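These are the residues of each chain, in order.
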Amino acid sequence: MPLGLLWLGLTLLGALQTQAQGPTENLIPAPRLSRVPLQPNFQDDQFQGKWYVVGLAGNAVSEEEHGQFKMYTTTYELKEDHSYNVTSVLLKGQSCDYFIRPFVPSARPGEYTLGNIKTYPNLQSYTVRVAATNYNQFATVFFKKVFNNQEYFKITLYGRTKELPAKLKENFIRFAKSLGLTSDHILFPVPIDKCIDDDE
């Protein structure tokens with residue numbers, strides 16, 4: 001099973017058998033949060049809504065998935081306590097899979113933790129940081145988790161539409177490489193219609 005799919009499972013489900021992933025000693029080390037920017041004056045109400053995952057990069061994303069990883073969506077629903085109910089929808093086989101999890105705000109606006117982390121065995125920490133967004137077109141979001149004492153990180157390029165200007169993709173690649181990733185760890189999911197364009 002490709003590593004990126006395993007990462008997606010980790011991200012969405014928070015559970016993964018380490019042996020299924022193979023050797024982890026070769027993972028690129030996760031950067032310190034101090035190296036990851038945080039969107040100034042983050043507006044949680046403007047960030048909510050549906051985002052397409054246009055780009056994906058991470059230390060468990062592999063080159064072998066280039067051209068076969070399908071686009072999925074993530075929808076942020078803001079609650080009164082300023083947390084989000086976050087729903088990801090992806091095509092798995094011929095059916096649509098829905099993954100829902102709560103993101104709880106930290107002391108820094110634009111940074112979140114997983115609200116129900118105790119329900120995921122072996123998941124020790126989970127941090128989400130909105131690095132940059134203009135709210136109506138794109139967002140770059142950084143995820144970092146510690147699972148079975150191993151650090152994983154990924155960066156997503158969200159779009160309000162399935163296509164984004166080349167310059168935004170170039171900025172995404174540059175940002176991913178600034179955190180130690182290589183071209184082999186960066187992919188752009190194949191746009192699809194099934195599941196991700198259905199009424200949710």
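Residues numbered from 1 in each chain as written. Predicted model: local features only at pLDDT ≥ 70, side-chain atom pairs only at ≥ 80, totals over all residues. Heavy atoms only, no water.

A.B. asks: Go over the side chain of D44 with me, naming the residues and quoting the values.
C.D. replies: Here D44 lies in helix α3 (residues 44-47). Despite its burial, D44 pairs with no opposite charge, the nearest such side chain being R160 at 11 Å. The residues touching D44, leaving out its near neighbours within four places in the chain, are L78, H82, Y84 and Y112. (Helix = DSSP H or I, 4+ residues; strand = E, 2+ residues; numbered from the N terminus. Buried < 20%, exposed > 50% of the residue type's maximum accessible area, 1.4 Å probe, protein only. Lys, Arg positive; Asp, Glu negative; His and termini not counted. Salt bridge = Lys/Arg side-chain N within 4 Å of Asp/Glu carboxyl O. Contact = heavy atoms within 4.5 Å.)

A.B. asks: Residues and numbers for the pairing of strand β4 (residues 95-105), please.
C.D. replies: One ladder, built from 9 bridges, connects strand β3 (residues 84-92) with β4; its direction is antiparallel. For L91, the partnering residue across the bridge sits in β4 and is C96. Counting the residues between successive antiparallel strands, the hairpin from β3 to β4 contains 2 residues, one of them, G93, with a positive phi of roughly 70°. With 3 bridges joining them, β4 and strand β5 (residues 111-114) adopt antiparallel strand pairing. Counterpart to F103 in the pairing with β5 is L114. (Pairing = 2+ DSSP bridges.)

A.B. asks: Please provide a residue-by-residue account of the confidence of the model for the protein chain, values included.
C.D. replies: For the protein chain, mean pLDDT is 88; residues scoring 70 or higher make up 85% of the total. Here residues 1-24 is a poorly scored stretch, pLDDT under 50, and it has 61 contacts once near neighbours within four places are set aside; other chains count. (pLDDT = per-residue confidence, 0-100.)

A.B. asks: Kindly report on the state of the cysteines, identifying the contributing residues and their values.
C.D. replies: Scanning all chains against the criterion turns up 1 disulfide. One disulfide bridge connects C96 with C195, the sulfur atoms lying 2.1 Å from each other. Taking the sign of the torsion about the S-S bond as the criterion, the disulfide between C96 and C195, at about -90°, is left-handed. Residue C96 is found in strand β4, and its partner C195 is found in the segment after β9 (186-187); the two are separated by 99 residues along the sequence. On the basis of relative accessibility, which here comes to 24%, the residue C96 falls in the partly exposed class. (Disulfide = S-S within 2.5 Å.)

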